[in-house]
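Take a look at the letters that make up each chain.
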Amino acid sequence: MPSHLFADRPAQPPEPGSVDALISQTRRLRGEVDAVRRDTVVDDDDAQGRWQRALCDLAVHHLDDLGEHLGQLKEGLPPAPDTVELPQSAPESGAEAQQTRVGSAEWNLLTDEVSWSDELFQIFGRSPESGALPLDELGSTLFSEDQPLLTAMVTACLVDGKPIDGEFRIVRADGRVRTLHMRGEPVLDADGCTASMWAVLRDVSELRRSQRAVRESRDSLQRRREIAQTERRLAVELQEAVLPPWRGSLRLPQDSSGALDVAAHYLPSATSALIGGDWYDALQLPDGQTMLTVGDLTGHGVTATSGMAMMLGALRGMAMAGIEPGPLMGWLNQLLETSVQPALGSAVCCRYDPLRRMLSWAQAGHPAPLLFRRGTGRSLLPPEGVLLGATSGAVYGQAEERLEVGDVLVLHTDGLTPRSIEFSRADGTERLLALAPRFSAARSAQECVRLVIGEFGEGEREDDACVLVARIGS
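Residues numbered from 1 in each chain as written. Predicted model: local features only at pLDDT ≥ 70, side-chain atom pairs only at ≥ 80, totals over all residues. Heavy atoms only, no water.

### A closer look at the confidence of the model for the chain
Caution applies to low-pLDDT parts of the model: their predicted coordinates are not meant to be read in detail.
Logical step 1: Predicted confidence across the chain gives a mean pLDDT of 83, with 84% of residues reaching 70 or more.
Logical step 2: Across residues 80-98, confidence stays below pLDDT 50; counting only partners more than four residues off in sequence or on other chains, it has 15 contacts. (pLDDT = per-residue confidence, 0-100. Contact = heavy atoms within 4.5 Å.)

Written out as structure tokens, the structure reads:
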């Protein structure tokens, strides 16, 4: 337990020069923190920003309190020789600047005299003419549920000599509620008996509000993170359930000359934790032909992946029903247009006939397939087709391309090739076409996919992407 103060033993004052230095440091640090607070831009949906701003507000309150304590400490010191005038910090504006935060009091148990500082009268909202409150009336200003705490602290101090350290809420005469932190100790006379009790009361209302704001914003940020993690887990599970389960190369149709050697890969975004609406698929159709498709829906998370599941399911069903790529795109556009959660999408859908080695395809605002033959590559000329969901009643054209043994067909979503001020979609396409000699030397579609992944490393993409490679067999 800290030693009690004695009425005839004053505390030793600190050196005035050291207090001036601390005041100067506090003012400088307060200005720097306030600059950081002003630069913190907070949006309504930015939980991280609100938490950072609340922390800055809390730090400013602490530094304001420290500056006020040091200022009061300096007022009680003798003037220092050759004192250098310290720069004054910019005055605060508003009610907070006028709010006194620290006051002191002493209750003399022998004479019943009560002494309050001017600051304490301001904290309690009382005029000095109305007089200071004796100990037995101090509790009348407290919330009823806080009164037992004050009674217990004062009793322990006066009877057992224990220091006071606690908080309670008061209701001022003007009806305003303030939270006070009280610290005090008994003052003993020469015989070791309690002669009086002193206390320092600090208005911590703004500080506690700032602390609550920090807690609330931190809790909100944590909830958002948990929601984001849950959403990502659900999106990943939905994506894994919808995308084709096969890994490595796939031969389609399985029992046919001119079959396709197919491989595909999904590449997650390097900068976003959310899953997008990208898809790929290869499907053997009842008439012996093969359907190839890649596509992308706008957005991220469960909304995008659920929309992707709807689109891919519809695409598979219509392809199995024998609908050609052009009309199929028209139906997908109508489906997306009437869905509960409107979105935009791009897609390419191919139908390959192994008997004629003929590729029929359509696209909706999507990069055209790339055809590699005998060490060179080119982009197929795209038929007419706008983004899915962009306009009602859109008509989608259909193109045909005859393929040869050994040809390599590359389908990819837009996120595969990085686009920025320095790089356009055309630049990414040129990088893909530059892989033509290496595709020609590759022995399988899976090896071609590895070449694409090696060229477009995951660290370069801001969005997730899919790539599908089909190699024409003999």
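### Digging into the pattern of salt bridges
Logical step 1: Evaluation of the coordinates by the stated rule reveals 22 salt bridges.
Logical step 2: Note that Arg 316 and Asp 281 form a salt bridge whose closest N and O atoms lie 2.6 Å from each other. Here Arg 316, found in helix α8 (residues 302-320), pairs with Asp 281, found in strand β9 (residues 276-284); they are 35 residues apart in sequence, far enough to count as distant.
Logical step 3: By relative accessible area, which is 23% here, Arg 316 ends up partly exposed.
Logical step 4: The class of Asp 281 is buried, set by a relative accessible area of 3%.
Logical step 5: Among the ionic pairs, Arg 443 bridges to Glu 447, the shortest N-O distance being 4.0 Å.
Logical step 6: Residues participating in the shared-partner salt-bridge network are Arg 178, Asp 203, Glu 206 and Arg 209. (Salt bridge = Lys/Arg side-chain N within 4 Å of Asp/Glu carboxyl O. Helix = DSSP H or I, 4+ residues; strand = E, 2+ residues; numbered from the N terminus. Buried < 20%, exposed > 50% of the residue type's maximum accessible area, 1.4 Å probe, protein only.)

### Here's the deal with the packing of helix α7 (residues 205-242) against α8
Logical step 1: The N-to-C vectors of α7 and α8 enclose an angle of 10°; their axes lie 9 Å apart at closest approach. Considering the angle they form, α7 stands roughly parallel to α8. Classified by chirality, the crossing of α8 by α7 is left-handed. Note on element contacts: α8 touches α7 through Val 302, Thr 305, Ser 306, Met 308, Ala 309, Leu 312 and Arg 316, opposite Glu 231, Leu 234, Ala 235, Leu 238, Gln 239 and Val 242.
Logical step 2: Taken together, the residues that form the contact of α7 with α8 break down as eight nonpolar, three polar and two charged. (Axes fitted to C-alpha atoms, helices over the stretch in contact; angles between N-to-C directions. Parallel < 35°, antiparallel > 145°, perpendicular 65-115°, else oblique. Left-handed = near helix turned anticlockwise from the far one by under 90°. Nonpolar A, V, L, I, M, F, W, Y, C, P; charged D, E, K, R; others polar.)

### Quick word on helix α9 (residues 325-337)
Logical step 1: The end-to-end C-alpha distance of α9 is 18 Å, a good match for the 18 Å that 13 residues give at a rise of 1.5 Å each.
Logical step 2: Looking at α9, one finds that the buried residues are Pro 325, Gly 326, Leu 328, Met 329, Leu 332, Asn 333 and Leu 336. Taken around the axis of α9, the buried residues stretch over an arc of 155°, which confines them to a single face.
Logical step 3: Next to the buried residues of α9 lie β10 (290-300), α8, β11 (345-353) and β12 (358-364). (Expected span 1.5 Å × (residues − 1). Arc of directions from axis to C-beta.)

### Some remarks on unusual backbone geometry
Logical step 1: Non-glycine residue Asp 112 carries a positive phi angle of around 65°.
Logical step 2: Here Asp 112 is to be found in the loop between β2 (102-108) and β3 (114-116).
Logical step 3: Residue classification places Asp 112 among the exposed positions, given a relative accessible area of 65%.
Logical step 4: With phi around 50°, Arg 357 is a residue other than glycine that occupies positive phi space.
Logical step 5: Among the structural elements, Arg 357 can be located in the loop between β11 and β12.

### A word on the environment of Gly 103
Logical step 1: Note that Gly 103 resides in strand β2.
Logical step 2: Residue Gly 103 is classed as buried on the basis of its relative accessible area of 4%.
Logical step 3: Here the alpha-carbon distance between Gly 103 and Trp 116, two residues 13 residues apart in the chain, equals 7.7 Å.
Logical step 4: Other than its neighbours up to four places away in sequence, Gly 103 contacts Ser 117, Glu 119, Leu 120, Ile 123, Ala 199, Val 200 and Leu 201.

### Focus: the packing of aromatic side chains
Logical step 1: Tallying each qualifying case throughout the model produces three aromatic pairs.
Logical step 2: With a centroid separation of 5.3 Å and 55° between ring planes, the pair formed by Trp 116 and Phe 121 is classed as tilted.
Logical step 3: Note on Phe 121: relative accessible area 7%, which makes it buried.
Logical step 4: Measuring from ring centre to ring centre gives 5.0 Å for Trp 116 and Phe 124, while their planes differ by 40°; the resulting arrangement is tilted. Here Trp 116 and Phe 124 have matching classes, each one buried.
Logical step 5: Aromatic rings pair up to connect Trp 116, Phe 121 and Phe 124 into one cluster. (Phe/Tyr/Trp six-rings, centres within 6.5 Å; stacked < 30°, edge-to-face > 60°.)

### Section: the sheet that holds strand β15 (residues 399-402)
Logical step 1: The strand order across the open sheet formed by five strands is β9-β10-β11-β12-β15, and the pairing between neighbours is antiparallel. A single partner strand is all that each edge strand has here, and the edge strands are β9 and β15. Within this sheet the neighbouring strands show an average axis-to-axis angle of 15°, counted without direction.
Logical step 2: Bridge analysis of β11 against β12 gives seven bridges, and the strand direction is antiparallel. Considered in β12, the bridge of Ala 347 is made with Ala 364.
Logical step 3: Packed onto the sheet, α8 meets β9, β10 and β11 and runs at close to 20° relative to β9. (Pairing = 2+ DSSP bridges.)

### Section: the packing of α8 against α9
Logical step 1: Interhelical geometry of α8 versus α9 gives an angle of 145° and a closest axis separation of 10 Å. The way α8 lies across α9 gives a crossing that is right-handed. Of α9, the residues touching α8 (which contributes Met 310, Met 311, Ala 314, Leu 315, Met 318 and Ala 319) are Leu 328, Trp 331, Leu 332, Leu 335 and Leu 336.
Logical step 2: Looking at the contact of α8 with α9, its residues break down into 11 nonpolar, no polar and no charged.

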